[in-house]
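Inside the fold
One letter stands for each residue in the lines below.
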Amino acid sequence: DMKSYTIAKASGAPDRDAIEPLRVGCVLWEPDCGVRMEQKLCYDDTALYVFQRAWESDIRAECSAPLSPVHEDSCMEFFFSLTDDGRYVNFEINPNACMELGFGPNRRERVRLCHKSERETFRPVCTRTPDGWTAEYRIPLSFLRILYPEFSLRSGVSFRANCYKCGDKTVHPHFLAWNAVETAAPDFHRPEFFGNMILAQQKILRSVCPGGFFWSALQSTSGQGAAAPPQTLSAAHQKQDFVQMRT
């Protein structure tokens, strides 16, 4: 059965402990080596916010350049499809906050995205912990509307997604998923196994001591005007002002 997750709406800087986690605990294709992951999500009118945590002892972090194969490192991934046409976005990140993005209907036909202002747009931050590492970033509505022009961040909206943990070239190669992927060989690029996510109306409690990445992200987006008008992916590519696309 496909799992479901409700994404709470943020009001100011939320208390992260109040966000319900989803467990990325389906061990796939390789023996269980003890690696675990959880992901938390929330949203406001301007962006979707992603919080990921991995419990992992032997961390590999070699990639740092754009379009690097971060899945070979210790890696956490968030794939989602905001329409019913089968196209999905994949966000992949390693402990160096090196990101790899893609968009398309499957592994072979997707386009790899190299954002011209990746750090400013997604604001990725990764931190080592005594038992692993964490990753945090934001996905602005303005970016989502380039790929999905009709999408809105409002309560009641639902979409399909999956969350993954991998490390193809780590000491202990591993593959974990939120929703199980029922294939014989490793393949996360299978949207038919995505679960359901829904944007909720309830708001998260404000943090008593706001600080860090999430607070600054919310502060910087507050007071902005309306989201940028929808664009098509081809128009964005032609203008060269938002993303660069490479196969």
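Report on the accompanying structure. (Residues numbered from 1 in each chain as written. Predicted model: local features only at pLDDT ≥ 70, side-chain atom pairs only at ≥ 80, totals over all residues. Heavy atoms only, no water.)

1. Notes on the pairing of strand E1 (residues 4–9)
Residues in a regular strand project their side chains so that they alternate between the two faces of the sheet. What counts here: Pairing between two strands is assigned when DSSP locates at least 2 bridges connecting them. The way it works is that DSSP assigns letters per residue, a run of H or I at least four long becomes a helix, a run of E at least two long becomes a strand, and they are numbered from the N terminus.
Where E1 lies against strand E14 (residues 195–203), 5 bridges are found, and the strand directions are parallel. Bridge assignment links Tyr 5 to a residue of E14, and that residue is Met 197. Bridging between E1 and strand E4 (residues 36–43) involves 2 bridges; their strand directions are parallel. Bridged to Lys 9 within E4 is Tyr 43.

2. A word on the nonpolar core
This is how it is decided: Definition used in this section: a nonpolar core is a set of buried Ala, Val, Leu, Ile, Met, Phe, Trp, Tyr and Cys residues joined via side-chain atoms within 4.5 Å. Whether a residue is buried, partly exposed or exposed follows from its accessible area with a 1.4 Å probe, protein chains only, as a fraction of its type maximum: under 20%, in between, or over 50%, in that order. Contacts between residues were defined by any pair of non-hydrogen atoms, one from each residue, lying within 4.5 Å.
With 48 residues, the main nonpolar core has Ile 7, Phe 78, Phe 80, Phe 91, Ile 139, Phe 143 and Met 197 as its most contacted residues. Excluding its chain neighbours within four sequence positions, the residues that come into contact with Phe 80 are Tyr 88, Val 89, Phe 91, Ile 139, Leu 144, Tyr 148, Phe 159, Arg 160, Ala 161 and Phe 194. Core analysis: the second largest hydrophobic core is formed by 15 residues, Val 70, Tyr 88, Phe 175 and Phe 188 among them.

3. Some points on the side chain of Ser 74
Selection rule: For the purposes of these results, a polar contact is taken to be a pair of N or O atoms within 3.5 Å, where, inside protein, one atom must be able to donate a hydrogen and its partner to accept one; residues adjacent in sequence count only when each atom of the pair is a side-chain atom.
Note that Ser 74 resides in the loop between strand E5 (47–55) and strand E6 (75–81). Side-chain polar atoms of Ser 74 contact the side chain of Glu 56, separated by 2.7 Å. The contact partners of Ser 74, leaving out residues within four places of it in the chain, are Glu 56, Asp 58, Ile 59, Arg 60, Ile 93, Asn 94, Pro 95, Trp 133, Lys 165, Cys 166 and Thr 170.

4. Description of the packing of aromatic side chains
Formally: Here is the rule: rings of Phe, Tyr and Trp (six-membered ring for Trp) pair when centre to centre is within 6.5 Å. Planes less than 30 degrees apart are stacked, more than 60 are edge-to-face, and the remainder are tilted.
Enumeration over the complete set of coordinates arrives at 16 aromatic pairs. Summarising the aromatic geometry, the rings of Phe 79 and Tyr 164 are spaced 5.0 Å apart at their centres and angled 90 degrees between planes, so their arrangement reads as edge-to-face. Residue Phe 79 is found in strand E6, and its partner Tyr 164 is found in strand E12 (residues 158–166); the two are separated by 85 residues along the sequence. When sorted by exposure, Phe 79 lands in the same class as Tyr 164, which is buried. Ring centres 6.0 Å apart and planes at 80 degrees place the aromatic pair Phe 91 and Phe 143 in the edge-to-face group. A residue pair is termed long-range when its members are at least 10 positions apart, and Phe 91 in strand E7 (residues 88–93) and Phe 143 in helix H2 (residues 141–147) qualify at 52 residues. The exposure class of Phe 91 is buried, given its relative accessible area of 0%. One aromatic cluster is present, formed by Phe 78, Phe 80, Phe 91, Phe 122, Tyr 137, Phe 143, Phe 151 and Phe 159 through successive ring pairs.

On their own, these measurements won't tell you what the molecule is for.
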